[in-house]
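Each chain is listed here by its residues.
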Amino acid sequence: MPSKVYFLPWNRCNELYNYLKASRIFGHIKARNFIAIKVHFGEENNKGHIDPKYVLPVVEIIREKTAYPFLTDASTIYVGKRADAYHHQIIAHKHGFTIDVCGCPIIIADGLRGDVQVQVEVNLKHFKTVAIAQEICSADGFIFMSHFKGHELTGFGGALKNIGMGCGSKAGKYAMHHSCKPTLDQKHCIGCDNCVKHCYQKALTLIEKKVVMDKKKCVGCGQCIVNCAFKVFGLKWNEDSVGVQEKIVEYAAGVLKDKKGSYVNFLNHISKYCDCFSVPKNNPLMEDVGIVAGADPVAVDQASYDLINKAYGKNFFKEIYPQINPIVQLQYAQDLGLGSREYTLVNY
Ligand code: SF4
Ligand code: SF4
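Residues numbered from 1 in each chain as written. Chains lettered and ligands numbered in written order. Predicted model: local features only at pLDDT ≥ 70, side-chain atom pairs only at ≥ 80, totals over all residues. Heavy atoms only, no water.

> Give me the domain arrangement of the chain: which residues, what numbers.
The domain architecture assigned to the chain consists of domain 1 (3-178 + 236-347) and domain 2 (183-234). The centre of domain 1, based on its C-alpha atoms, is set 28 Å off from the matching centre of domain 2. Tallying the contact residues gives 14 residues for domain 1 and 12 residues for domain 2. At the boundary of domain 1 with domain 2, total buried surface from both sides reaches about 1,200 Å², with 64% on carbon and sulfur atoms. At the surface where domain 1 touches domain 2, the tally comes to 0 salt bridges. (Domains from an automatic or database assignment. Contact = heavy atoms within 4.5 Å. Buried area = accessible area lost by both parts, 1.4 Å probe. Salt bridge = Lys/Arg side-chain N within 4 Å of Asp/Glu carboxyl O.)

Now the structure itself:
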């Protein structure tokens, strides 16, 4: 059965509160529930994250139900500005996610060092259990506010990625990523050192002006792929992308096991790379489209994908990542019962 998905065009994004109220997608929230608003606070220098001013309307709706909203995210596996709760909160504040702007506190979900987690049983193809950040499991319900954009491993990143990858603890993220270590084609390397500077794991060095990788140190974060202009790094696209997409969806199944959420996707600043990259050049490649919301994460992501392609006039994601089939995540999520790829679009 098709799920209802609600659309607000970007030129009316200041109507977010009324649009979300009219959608009635927050019906799962009860009085005194702790509601996790899962966002991505943005890596340093990255401008793609959701503007914090859009959090307040969501917080207001949750508070009207006398529930307790908090903003959250979990630590990264690479050593950037979001690798532990201390630095994560500092970058969140720097990007404007303060209690004054958003109206609620930040609680980083997997503890000071990213190791506070719960093993959730899923018994699926890749994982029997998934390592989810503790406070995600402690929350009574969720609002996933996701920036929808291109993604170097999965073709696009939206609600499913924010749920699955975003709510994994460090160990969980490593389990999803670890098979995707980049391949190296040294003959194109000019020894410029850029990838070495951006590999926070110190897995890369230059020997006689050619890059060398220590695979034991590599965590598959992809920073080197984005930061090399000479196509030295690659992936085994089919194998790696399909596997990662399925693993993310299995983590999403663990997060949503016995819990309900609402999903709000922001189709603006639609860039090639995700918000984890500390690259100011991660510019939008097309016009802003709007906001898509619903109670079904699969339908919300499918509608976001379709609306972007429609606005672009052809398949945007195929153009930026011809080697990746991002439909894998949608189809696998539908197969696991997380939602429906069929939807009815309701224009606000
Ligand atoms: S960024 Fe590319 S060209 Fe520069 S050192 Fe690294 S691999 Fe070589
Ligand atoms: S080698 Fe590349 S993928 Fe591996 S940790 Fe370093 S930057 Fe990340």
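> How would you explain the packing of aromatic side chains if you had to name every residue and give the values?
Evaluated as defined, the whole model comprises 15 aromatic pairs. Relative to Phe 97, the ring of Phe 41 has its centre 5.0 Å away and its plane inclined at 75°; by these criteria the two rings are edge-to-face. Of this pair, Phe 41 sits in the loop between strand S2 (34-38) and helix H2 (55-64) while Phe 97 sits in the loop between helix H3 (85-94) and helix H4 (99-102), and the two are 56 residues apart along the sequence. Across this residue pair, the class does not change: Phe 41 and Phe 97 are buried. Their ring planes at 35° and their centres at 5.4 Å tell us that Tyr 54 and Phe 266 sit as a pair that is tilted. Residue Tyr 54 is located in the loop between S2 and H2, and its partner Phe 266 is located in strand S13 (residues 260-267); the two are separated by 212 residues in the primary sequence. Since its relative accessible area comes to 7%, Tyr 54 is described here as buried. By the ring-pair criterion, three or more aromatic residues cluster together here, those being Phe 148, Phe 156, Tyr 305, Tyr 312, Phe 316 and Phe 317. (Phe/Tyr/Trp six-rings, centres within 6.5 Å; stacked < 30°, edge-to-face > 60°. Helix = DSSP H or I, 4+ residues; strand = E, 2+ residues; numbered from the N terminus. Buried < 20%, exposed > 50% of the residue type's maximum accessible area, 1.4 Å probe, protein only.)

> Lay out the site of ligand 1 in plain terms, naming residues and giving numbers.
Taken together, 14 residues lie around ligand 1, and Cys 189, Cys 192, Asp 193, Cys 195 and Cys 228 are the ones closest in. By residue class, the composition of the shell around ligand 1 is 10 nonpolar, 3 polar and 1 charged. (Near = heavy atom within 4 Å. Nonpolar A, V, L, I, M, F, W, Y, C, P; charged D, E, K, R; others polar.)

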